[in-house]
Amino acid sequence: MKRGFFTIMSAQFFSSLADNALFVAAVELMRSSGAPEWQRAALVPIFTLFYVALAPLVGAFADALPKGKVMFISNAIKVVGCLMMLFGSHPLLAYAVVGLGAAAYSPAKYGILTELLPASQLVKANGWIEGLTIASIILGIVLGGTLVGHTVSSHLLAFDFPFIDTGVDSPPAAAIASLIFVYMIAAWFNTRIPHTGVKMRPLRSNPEHGFLRNLGALLPDFWQCNSRLWRDKLGQISLATTTLFWGAGGNLKYIVLAWASLALGYSTAQASSLTGVVAIGTAVGAVVASMRMRLDMATRVIPLGIGMGLLVICMNFIGNLWVAVPFLILLGAFGGFLVVPMNALLQHRGHNLMGAGRSIAVQNFNEQACILVLGAFYSACTGLGLSAYSAITAFGIVVAGFMWVIKRWHESNLRKYPEEVEHLLSIARSDKHH
């Protein structure tokens with residue numbers, strides 16, 4: 001890998017580590033304050049709000065500045081969200097601000113891969129970034145559970161600063177305060193990311209115009225990019241698949257917490273370790289996919305998405321930890337093997353069609369909108385009084401059903417447009433077009 005790749009990986013690891021630990025701390029903060037179940041479930045969709053709302057802006061922003069600088073600014077926004085949560089803002093509002101930082105971060109962290117590496121290394125690079133992201137999910141969730149647990153939180157709360165009232169007086173607050181330092185480590189790595197030499201694409205704005213007019217000028221460009229990717233015969237399939245995968249996977253981390261509480265009687269700290277088990281399986285699947293799959297073979301993994309939805313439904317029949325652990329590893333492995341080649345194919349098509357930052361912003365818009373919709377669906381199910389078991393069943397049926405539709409869609413493209421699909425696959429086999 002080129003110089004700077006592992007610096008990017010380190011920055012991504014620590015930023016994602018803090019994001020996932022913060023999720024557990026936020027859940028515990030709301031639980032301890034007596035927030036209703038539907039509000040805790042809403043943490044997942046609220047995090048995605050700015051991914052959807054500001055997608056036209058963050059993609060252009062990522063292409064207008066060096067990616068390392070964009071990532072540094074984004075981490076600073078996440079710290080602001082932590083401070084808001086720490087000093088009295090509603091956790092949902094504060095977590096939405098952290099989501100704003102994540103929305104700005106994502107086009108830069110994925111977009112820089114296509115600037116730095118040729119097409120032949122994209123699947124391997126995605127295996128690295130997904131593997132490290134998943135490792136950060138595992139460690140982040142475990143870290144969050146550990147920080148809110150009695151043993152560690154009692155030591156954190158014992159720290160006292162003379163003449164300063166920090167307002168940190170509960171285990172979740174102590175955990176959130178600690179995570180600010182993890183974001184600062186990620187920010188330091190951001191400053192070490194080299195410039196890739198790719199020409200910046202300035203924001204289409206006029207300094208004489210107001211913010212709303214400038215944003216309005218970006219909207220047609222974004223929707224044109226969105227339409228271009230959905231019309232592409234490989235881009236549409238990879239975008240649909242990753243959209244549904246992240247919609248399901250983004251909500252799965254809360255669903256596992258709710259299921260573990262109901263089926264196994266676990267606390268937040270205990271249940272967080274099971275979410276980490278899913279991530280272990282995803283890491284295994286991601287590594288195997290990065291070793292076995294090529295860019296032009298990506299569409300072969302679509303049936304795993306159907307299996308993933310069916311496995312989610314099977315969670316309802318598990319009430320034993322020794323069965324749950326291998327099952328959750330298998331569920332995660334299906335997802336990991338599915339997403340790595342599909343993500344790489346989507347990045348490849350997007351980079352060829354419109355540029356790295358805008359491509360990732362389009363991808364984020366669709367994926368996070370799916371998380372928002374599926375998260376709202378699950379939150380509504382629990383708010384209407386459905387048990388976690390019923391909500392999980394409905395969720396699994398939706399995922400398996402839509403993955404089956406995507407499979408039929410690709411088969412239809414192969415019948416109707418064989419020459420176009422083969423041409424796009426030939427581009428995927430060559431670094432010259434990247």
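As the structure is a computational prediction, the values presented were derived from the model and not from experiment.

**Q** Mind laying out the pattern of salt bridges, listing which residues take part and the relevant values?
**A** The tally for this structure, following the rule as stated, stands at five salt bridges. The salt bridge involving Glu28 is made with Arg31; its shortest N-O contact spans 2.7 Å. Remark: Arg31 and Glu28 occur in helix 1 (residues 5–32); sequence separation between them is three residues, near one turn of the helix. When salt bridges that share partners are traced, they join Lys407, Arg408 and Glu411 into one network.

**Q** I'd love a proper account of the packing of helix 12 (residues 235–263) against helix 17 (residues 388–416), names of residues and values included.
**A** Running from amino to carboxyl end, helix 12 crosses helix 17 at an angle of 165 degrees, the nearest separation of the two axes being 10 Å. Classed by the angle they form, the pair helix 12 and helix 17 counts as roughly antiparallel. With respect to the hand of their crossing, helix 12 and helix 17 are arranged in left-handed fashion. Residue composition of the contact of helix 12 with helix 17, grouped by class: 18 nonpolar, six polar and no charged.

**Q** So, helix 6 (residues 67–86): which residues are in play, and what are the values?
**A** Working note: α-helix, 3.6 residues per turn, so residues spaced by three or four point in the same direction. The end-to-end C-alpha distance of helix 6 is 29 Å, a good match for the 28 Å that 20 residues give at a rise of 1.5 Å each. All of the buried residues along helix 6 are Lys67, Gly68, Val70, Met71, Ser74, Asn75, Lys78, Val79, Gly81, Cys82, Met85 and Leu86. Within two residues after helix 6, Gly88 carries a phi angle of roughly 105 degrees, on the positive side.

**Q** Can you break down the environment of Leu330 residue by residue, with the values?
**A** Note that Leu330 resides in helix 15 (residues 321–353). Sequence separation between Leu330 and Thr282 is 48 residues, and the spatial gap between their C-alpha atoms is 8.2 Å.

**Q** So what's going on with the side chain of Thr282? Residues and values would help.
**A** Mapping Thr282 onto the fold places it in helix 13 (residues 268–292). In this view, Thr282 contacts Ile134, Gly332, Ala333, Gly335 and Gly336; residues no more than four positions away in its chain are not counted.

**Q** Outline the nonpolar core, listing residues and values.
**A** With 106 residues, the main nonpolar core has Leu22, Phe23 and Trp259 as its most contacted residues. Of all the elements, helix 12 adds the most residues to this core, at 14 residues. Those residues in contact with Trp259 that lie beyond four places of it in its chain are Leu264, Leu274, Met315, Ile318, Ala324, Leu328, Tyr389 and Ile392. If you look at the next biggest cluster of nonpolar residues, it comprises 16 residues, including Phe5, Ala11, Ala108 and Ile129.

**Q** An account of the packing of aromatic side chains is needed here, citing residue identities and associated values.
**A** If you walk through the whole model with that rule in mind, you get eight aromatic pairs. Pairing Trp230 with Trp409 gives two aromatic rings, centres 6.3 Å apart and planes at 5 degrees, and the pair type is stacked. Linking Trp230 in helix 11 (residues 211–231) with Trp409 in helix 17, this pair joins segments that are 179 residues apart in sequence. For Trp230, a relative accessible area of 27% gives the class partly exposed.

**Q** Give a detailed account of the environment of Thr299, specifying residues and quantitative values.
**A** Inspection of the secondary structure puts Thr299 in the loop between helix 13 and helix 14 (302–314). Classification of Thr299 as buried rests on a relative accessible area of 15%. Sequence spacing of Thr299 and Leu338 is 39 residues, and the spatial spacing of their C-alpha atoms is 9.1 Å. Not counting the four nearest positions on each side in its chain, Thr299 is found in contact with Leu234, Ile237, Met342, Leu345 and His410. Of note is the side chain of Thr299, whose polar atom sits 3.4 Å from the side chain of His410.

Rules used throughout
- Residues numbered from 1 in each chain as written.
- Predicted model: local features only at pLDDT ≥ 70, side-chain atom pairs only at ≥ 80, totals over all residues.
- Heavy atoms only, no water.
- Salt bridge = Lys/Arg side-chain N within 4 Å of Asp/Glu carboxyl O.
- Helix = DSSP H or I, 4+ residues; strand = E, 2+ residues; numbered from the N terminus.
- Axes fitted to C-alpha atoms, helices over the stretch in contact; angles between N-to-C directions.
- Parallel < 35°, antiparallel > 145°, perpendicular 65-115°, else oblique.
- Left-handed = near helix turned anticlockwise from the far one by under 90°.
- Nonpolar A, V, L, I, M, F, W, Y, C, P; charged D, E, K, R; others polar.
- Expected span 1.5 Å × (residues − 1).
- Buried < 20%, exposed > 50% of the residue type's maximum accessible area, 1.4 Å probe, protein only.
- Contact = heavy atoms within 4.5 Å.
- Core = buried A, V, L, I, M, F, W, Y, C linked by side-chain atoms within 4.5 Å.
- Phe/Tyr/Trp six-rings, centres within 6.5 Å; stacked < 30°, edge-to-face > 60°.
- Polar contact = N/O pair within 3.5 Å; in protein donor to acceptor, adjacent residues only side chain to side chain.

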